[in-house]
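Residue-level structural notes
Chain residues, written in single-letter form:
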Amino acid sequence: MTAGLRLFHSALAHHLQAYLEFKQKLGYTSFYNLHAAKDFDGYLLFRSVTSVRQLDERLVANWMHSIPTQAAATKNAKLRFARGFLNYLVRLDLLPDNPAQRIHYLRQKVYKPYIYTLQEIHRILEAARGLQRRYPNRLTGWTMETFVLLAYACGLRLGEAIRLKIEDVDFEQGCLALWKTKFHKERLVPFSPAVGQKLQAYLARRDKARLPAGPRDPFFAHPGGKYSKGGVQQRFHLLLALCGMTKSGRGGPRLHDLRHAFAVHRLYKWYQEGHDILNKLPLLSTYMGHVNIENTQVYLTITQALLREGDRRFQSSFEGVSDKALRRAIGKP
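What counts, and at which threshold
Residues numbered from 1 in each chain as written. Predicted model: local features only at pLDDT ≥ 70, side-chain atom pairs only at ≥ 80, totals over all residues. Heavy atoms only, no water. Axes fitted to C-alpha atoms, helices over the stretch in contact; angles between N-to-C directions. Helix = DSSP H or I, 4+ residues; strand = E, 2+ residues; numbered from the N terminus. Parallel < 35°, antiparallel > 145°, perpendicular 65-115°, else oblique. Left-handed = near helix turned anticlockwise from the far one by under 90°. Contact = heavy atoms within 4.5 Å. Buried < 20%, exposed > 50% of the residue type's maximum accessible area, 1.4 Å probe, protein only. Pairing = 2+ DSSP bridges. Core = buried A, V, L, I, M, F, W, Y, C linked by side-chain atoms within 4.5 Å. Arc of directions from axis to C-beta. Phe/Tyr/Trp six-rings, centres within 6.5 Å; stacked < 30°, edge-to-face > 60°. Lys NZ or Arg CZ within 6 Å of the ring centre and 35° of its normal.

A few points about the packing of helix 5 (residues 118-134) against helix 6 (residues 140-154)
For any two helices packed against each other, one specifies the inter-axial angle together with the distance between the axes. Look at helix 5 against helix 6: their axes get within 7 Å of each other, and the N-to-C directions meet at 160°. In terms of axis orientation, helix 5 runs roughly antiparallel to helix 6. Crossing hand, helix 5 versus helix 6: left-handed. Contacts between helix 5 and helix 6 involve Leu118, Ile121, Ile124, Leu125, Ala128, Arg129, Leu131 and Gln132 on the former and, on the latter, Gly141, Trp142, Met144, Glu145, Val148, Leu149 and Tyr152.

Considering the pairing of strand 2 (residues 175-178)
Of the two faces of strand 2, both are covered, the one formed by Cys175 and Ala177 as well as the one formed by Leu176 and Leu178. Strand direction decides the pairing type here: strand 1 (residues 169-170) and strand 2, joined by two bridges, are antiparallel. The residue of strand 2 that forms the bridge with Asp170 is Cys175. Where strand 1 hands over to strand 2, the hairpin turn is made up of four residues, of which Gly174 adopts a positive phi near 70°. In terms of strand pairing, strand 2 meets strand 3 (residues 187-190) through four bridges, oriented antiparallel. Bridge pairing links Leu178 to Arg187 in strand 3.

Regarding the nonpolar core
One broad trend across soluble globular proteins is that nonpolar side chains are buried collectively. In this structure, Tyr116, Ile124, Leu150, Leu176, Phe219, Phe236 and Leu258 are the most contacted members of the largest nonpolar core, which totals 56 residues. Broken down by secondary-structure element, the contributors of at least two residues to this core are helix 5, helix 6, helix 7 (158-163), strand 2, helix 8 (193-208), helix 9 (229-243), helix 10 (257-272) and helix 11 (277-288). Looking at this core, the element that brings in the most residues is helix 6, giving eight residues. The residues touching Phe219, leaving out its near neighbours within four places in the chain, are Leu164, Lys165, Ile166, Val169, Leu199, Tyr202, Leu203 and Arg206.

Quick word on helix 3 (residues 57-64)
When helix 3 is considered as a whole, its buried residues turn out to be Leu59, Val60, Trp63 and Met64. Here the buried residues of helix 3 occupy an arc of 135° about the axis, which is enough to place them on one side.

Examining the packing of aromatic side chains
The description of an aromatic ring pair uses the distance of the two centres, along with the angle that the planes make with each other. Inspection of every chain in the model, using the stated rule, returns 16 aromatic pairs. Taking 6.1 Å as the distance between ring centres and 40° as the angle between the ring planes, the aromatic pair formed by Tyr43 and Phe46 counts as tilted. Here Tyr43 pairs with Phe46, and both are found in helix 2 (residues 31-46), just three residues apart, close to one helical turn. Taking the centre distance of 6.4 Å and the plane angle of 70° together, the rings of Phe171 and Phe191 count as edge-to-face. Here Phe171 is found in the loop between strand 1 and strand 2, whereas its partner Phe191 is found in the loop between strand 3 and helix 8, with 20 residues between them in sequence. By relative accessible area, Phe171 is classed as partly exposed at 29%. One aromatic cluster in this structure is built from Tyr19, Phe22, Phe40, Trp63, Phe81, Phe85 and Tyr88. The ring of Tyr135 carries the charged tip of Arg138 above its face, separated from the ring centre by 4.4 Å. Seen from the ring of Trp142, Arg205 lies directly overhead, with NZ or CZ sitting 4.0 Å from the centre.

This is the structure in structure tokens:
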């Protein structure tokens, strides 16, 4: 929380502040917790709520649906925040029970990540190299090529790559030191010699641009300073447009889907090598910085779907050929 800055103004401001600090100590650093808390604080002011005892089922439901045009996912996120905050108040004996628990979540479509093929990733990298040739005096092309490669090769979250400092890249040991990650899961992430060469080449190009290169300076930078998430996503969307891969609406592809692709491709590779991928899940979970293995098990379903699709395509392409060969082998016309 920002010291000395008053974030909340309702009668429950102190409790909201304390709740967010409590969540931070548990490792929850999501920006949405702060956004939802401020929105709820404003609603409490609007409804002239002066006591914790006024927090009932109707008030929470009205806040949840206060903007009818909001998506079901957004309304569910508001309800999730309310349930957590009111549970916190119950533990403090400020409420007898949690009225938000009696409100049901809305049905919403489950987001299906876009799993890039290796060919698509090569196309995106080539689009970044095209920017290098077109704008040789700008660092953007080199930044995006290195960013995309690192995000895919190491399965990084967008925020993890943006927060990476020069001192966090250990070329001697071949690993990244990731700090202040989601749920405070600090970890060391190894990278291959080929990735290391790309990172060193980017630093050399970065030096030519005369950007600050102290140990604590951001690894990915531009003349204006550190990249924002929006800035990187905008440039990535440009690469997708250059590749003809943009798609309107839900379903991707997104920059974060590089992380999903990394996980699925790794599991698929283990499958091809004959490993028991269930035994490999804890390794992948640790590498990706997941809180629990259930988050990693999601990729098993995606991997199995890819295998089924591959089998279907194989059969549709070669079933006729194999059927004729079988008939000839058994002497049938």
